[in-house]
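# Geometric and topological summary
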Amino acid sequence: MKKIAILGSTGSIGTQALDICRRHPEEYRVTALTARRSREKLFEQVREFRPEMAGLTEGAGIGDIPDDLRFCRFMSGKEALRAAAAEVDADQVLVSIVGIAGLQSVMDALEAGRQVLLANKEALVTGGRLVMEKSKEIGKPILPVDSEHSAIFQCLQGAGPNRAKRILLTASGGPFRTWSRERIRKATREEALKHPNWDMGAKITVDSASMFNKGLEIMEARWLFDMPEDRIQVVVHPESIVHSAVEFEDGAVLAQLGLPDMRVPIGYAMSYPGRETTGVPGPDLFAIGKLTFEQPDEEKFPSLRMAKEALKAGGAACTVLNGANEEAVAAFLRGEIAFGEIYERVEEAMERLSDLKAGSLEEIFEADRRAREIVREKERK
Ligand code: MG
């Protein structure tokens, strides 16, 4: 039986991970759960899965605990995240919280010798070098939950000592794939939140529309698979059936296919190196009929170019891109800036903060703070 701590248990990834725990009660015991603010939902989960510890990480604290939940230790704030990542007994820590707080949680979990199941992009985007060094040091690979990286990881399982020559990172292209550049610039909140294939949180859905999500995924792949950015090719694949592929020296390409359902990559990370049922059927290839692939359009989606530039620049450039993008997306969701301005805000932050370092967690958090400040400053004007 594996003991699992879930950080971000009421979000999209967290609830699907709990679905898998529910399906395999003999395989998993949930020992810790944390949520941001969804108090009632967290209580429900505690009632069902009976963890040792649970916490709310934002807001005014946990408040009154219902009588029937007294068996569980409730905590709040950063202490709750820290306890769930590193103090409560667990073999696996699923980090599915959003934002740069994920970096601290991943480092805490690794320091405590836990296997990290990673659904937080920011940890690798901002602290990829530190995270991968620590993971090597404790001898436990980071198990990716992001569907593309799970696909690449799965394709590499049979590779033995053979290094991949290239990674083919697939992208659905998002809701604006066929739109003109001018129309994308003026896209509304509702339009940006309509993803054709995946059902996800608001931030990542907007990132899919801008393709910053794919930019961040190039960074994740760079660190997870130690692959330079010029050997990571984004391939637009609107059907979202091929979740990514790996090309080898001999010309062979291995791909992983499946329905666009996060329970498959979540389940794979949880059951690795084995596999177990997830409730998701295999894709019906006859019904799907054909799969199509296109070149990405970097004119329409400058996020891809900016991500590669940030990786080449090194230092804190990826952290700056990520922090500025997160602030700009929040401003867009509040209706304060146009969709096209997300790109402008990120580019401006990258230009103004081109010389920051990212050698320690402190430097990374500082770069993140300054990038956000630049975007916010602009909103105030
Ligand atoms: Mg993804």
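This write-up is about the structure you can find in this document. No experiment lies behind these values; they were computed from the predicted model shown. Residue positions are given per chain, counting from 1 as you read along its sequence in written order. Two thresholds apply to this predicted model, a pLDDT of at least 70 for residue-level local features and 80 or more for giving and counting side-chain atom pairs, whereas whole-chain, interface and lining totals are computed over all residues. The side-chain figures draw on all heavy atoms in the structure; neither hydrogens nor water molecules are used.

This part is about the packing of helix 3 (residues 78-87) against helix 4 (residues 101-111). Inter-axis angles, ranging from 0 to 180 degrees, are taken between N-to-C directions of lines fitted to C-alpha atoms, where helices are fitted over the stretch in contact. Counting from the N terminus, the helices are the DSSP runs of H or I reaching at least four residues and the strands are the DSSP runs of E reaching at least two. Two elements in contact, helix 3 and helix 4, have axes separated by 8 Å at closest approach and are oriented at 35 degrees. You can see that helix 3 and helix 4 cross each other, and the crossing is right-handed. The segment helix 3 lies against helix 4, with Leu81, Arg82, Ala85 and Ala86 engaging Gln104, Ser105, Asp108 and Ala109. Of the residues assigned to the contact of helix 3 with helix 4, the class counts are 4 nonpolar, 2 polar and 2 charged. Note on convention: the crossing is left-handed when the near helix lies turned anticlockwise from the far helix by less than a right angle, right-handed when the turn is clockwise. Two residues form a contact once any of their heavy atoms are found within 4.5 Å. All residues other than Ala, Val, Leu, Ile, Met, Phe, Trp, Tyr, Cys, Pro, Asp, Glu, Lys and Arg, Gly among them, are scored as polar; the first ten of these are nonpolar and the last four charged.

The next subject is the packing of helix 10 (residues 212-224) against helix 13 (residues 303-313). The relative placement of two packed helices is expressed as an angle between their axes plus a distance between the axes. Running from N to C, helix 10 and helix 13 cross one another at 30 degrees; their axes reach a closest spacing of 7 Å. Accordingly, the angle class assigned to the pair helix 10 and helix 13 is roughly parallel. Crossing of helix 10 over helix 13 shows right-handed handedness. Across from Phe212, Lys214, Gly215, Ile218, Met219, Arg222 and Trp223 in helix 10, the residues of helix 13 making contact are Ser303, Leu304, Met306, Ala307, Lys308, Ala310 and Leu311. Its residues assigned to classes, the contact of helix 10 with helix 13 comprises 9 nonpolar, 2 polar and 3 charged. Angles below 35 degrees are treated as roughly parallel, those above 145 as roughly antiparallel, those between 65 and 115 as roughly perpendicular, and all remaining angles as oblique.

Right, let's talk about the sheet that holds strand 9 (residues 232-236) for a bit. Here, strands pair whenever DSSP counts at least two bridges between them. Read across the open sheet, the 4 strands follow the order 9-8-10-11; overall the sheet is mixed. Every other strand in the sheet has two partners, leaving strand 9 and strand 11 (253-257) as the edge strands with one partner each. Taking each pair of neighbouring strands and ignoring which way they run, the sheet shows an average axis angle of 20 degrees. For strand 8 (residues 164-171) and strand 9, the ladder comprises 5 bridges, and the chain directions are parallel. Residue pairing in the sheet places Thr170 in a bridge with Val235 of strand 9.

A word on a nonpolar patch on the surface. A cluster of nonpolar side chains, Leu257, Leu285, Leu291 and Phe293, forms an exposed patch at the surface whose accessible area comes to about 340 Å². Here Leu291 shows up in the loop between helix 12 (285-288) and helix 13. Relative accessibility thresholds used throughout: buried, under 20% of the residue-type maximum; exposed, over 50%; partly exposed, between the two (1.4 Å probe, protein chains only). What makes Leu291 partly exposed here is its relative accessible area of 30%. A patch consists of residues whose relative accessible area exceeds 30% and which take part in no salt bridge; residues with like charges are grouped when within 9 Å of each other, and nonpolar side chains (Val, Leu, Ile, Met, Phe, Trp, Tyr) when within 5 Å. Methods summary: accessible areas were calculated by the Shrake-Rupley approach with a probe of 1.4 Å, and residue burial reflects only the protein chains presented. By convention in these notes, a salt bridge is any Lys or Arg side-chain nitrogen within 4 Å of a carboxyl oxygen on Asp or Glu.

Below, the discussion takes up the pattern of salt bridges. This model, assessed by the stated rule, comprises 38 salt bridges. For Asp68, the salt bridge goes to Arg47, with nearest N and O atoms at 2.6 Å. On the criterion of sequence distance, the pair formed by Asp68 in the loop between strand 3 (53-56) and strand 4 (73-76) and Arg47 in helix 2 (residues 39-49) is long-range, its members being 21 residues apart. Counted as one network, the salt bridges with shared partners bring together Lys121, Asp146, Glu148, Lys214, Glu217 and Glu220.

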